[in-house]
Amino acid sequence: MASNFSFSGKLYLIPTTLGESNPIEVLPLTVKKHVERIDHYIAENEKTARRAIKKLVPQKKQQILKFKTLNKFTDVAEIPNFLDACKEGFDMGLISEAGVPGVADPGAEIVKLAHQNGIQVVPLVGPSSILLAMMGSGMNGQAFSFNGYLPIDKKEKKQELKNLERISSEKNMAQLFIETPYRNNKLLEDLIQTLHPSTRLCVACDLTLPTESIVTLAINEWKQKKVDLHKRPTIFVIQKD
């Protein structure tokens, strides 16, 4: 099959750890090998990206690294030029703040741009909190949906939870979502108060960290359990059988 790629520079999707764990224990050696040689990067936050690179490849000279920053403050007019290094023949790395780029991550916009410009995209293996939670939940891994953040308004949130619960039952489809870590305890409280007693809820927090916890119980069982999720990165999964 003929190649559709117009440029020799490739875009590598570089995963990072989900927290302060040792990258060598979480990331494949392939990631380290590519970071050792790639000097052009796109990241949400240059400072944390540099720290991640230094932790993975301590000997790499930081002064040779070149960064494009992609976040809510980025001028949209600048984004079409973010892959100029690829067009000049250099490989680039799109590095996530946590986990894998492009999944629940603004990097998807850059991946889209790469495809539009005939630049080869190379995803590298790394931890995805969504998939790890799904794997550990015991719910339907054949059909599931990630819904991002739920509405902040209490009434809208309750309505959305009921809607997701209904979909999970009608389509036998697990439903995943997240919350800002300091609101986790409140969301757990809302889930317990809103969902049907028999609906299963998985709470997966601190994934890949020493404090990792993945627990799946029916809502009526969660009512008897006390957990503190405050400021702990958490994925919530529900399914009504």
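Thresholds applied
Residues numbered from 1 in each chain as written. Predicted model: local features only at pLDDT ≥ 70, side-chain atom pairs only at ≥ 80, totals over all residues. Heavy atoms only, no water. Salt bridge = Lys/Arg side-chain N within 4 Å of Asp/Glu carboxyl O. Helix = DSSP H or I, 4+ residues; strand = E, 2+ residues; numbered from the N terminus. Buried < 20%, exposed > 50% of the residue type's maximum accessible area, 1.4 Å probe, protein only. Arc of directions from axis to C-beta. Contact = heavy atoms within 4.5 Å. Pairing = 2+ DSSP bridges. Axes fitted to C-alpha atoms, helices over the stretch in contact; angles between N-to-C directions. UniProt positions renumbered as here; feature names shortened; annotations may be inferred.

1. Details of the pattern of salt bridges
If you walk through the whole model with that rule in mind, you get 12 salt bridges. With a shortest N-O distance of 3.3 Å, Lys55 and Glu20 are connected by a salt bridge. Placement of Lys55 in helix α3 (residues 46-56) and of Glu20 in the loop between β1 (11-14) and α1 (23-26) is noted, with a sequence separation of 35 residues between them. Exposure remark for Glu20: the relative accessible area of 69% places this residue in the exposed category. Salt-bridge contacts for Lys157 lead to Asp190; the nearest nitrogen and oxygen are separated by 3.0 Å. Of the two residues, Lys157 is situated in helix α7 (residues 154-170) and Asp190 in helix α8 (residues 184-194); the sequence distance between them amounts to 33 residues. Across this residue pair, the class does not change: Lys157 and Asp190 are buried. Each of Lys154, Lys157, Lys186 and Asp190 takes part in one network of salt bridges that share partners.

2. Thoughts on helix α2 (residues 29-37)
The set of residues buried in α2 consists of Val31, Lys32, His34 and Val35. In a view along the axis of α2, the buried residues occupy a sector of 165 degrees, so they form one face of it. Looking at α2, the residues exposed on the side facing more than 90 degrees away from the buried face are Leu29 and Lys33. The inward-facing, buried residues of α2 abut β1, α1, β2 (40-43) and α3.

3. A closer look at the sheet that holds strand β8 (residues 200-205)
Pairing is mixed across the open sheet formed by five strands, whose spatial order is β6-β7-β10-β8-β9. Both outer strands of the open sheet, β6 (144-149) and β9 (213-218), are each paired with one neighbouring strand and no more. Averaged over neighbouring strand pairs, the angle between their axes works out to 20 degrees when direction is ignored. Both β8 and β9 contribute to a ladder of six bridges, which runs antiparallel. Each bridged residue has a counterpart across the sheet, and for Val203 the counterpart in β9 is Val215. The sheet strands contacting helix α6 (residues 129-137) are β6, β7 (174-178), β8, β9 and β10 (234-239), and the helix crosses β10 at an angle near 45 degrees.

4. With respect to the UniProt feature "domain: Tetrapyrrole methylase" (unreviewed entry) in the protein chain
Per the UniProt record, the feature "domain: Tetrapyrrole methylase" (unreviewed entry) sits at residues 37-217. Annotation note: span residues 37-217, helix share 34%, strand share 20%, distance between end C-alpha atoms 46 Å.

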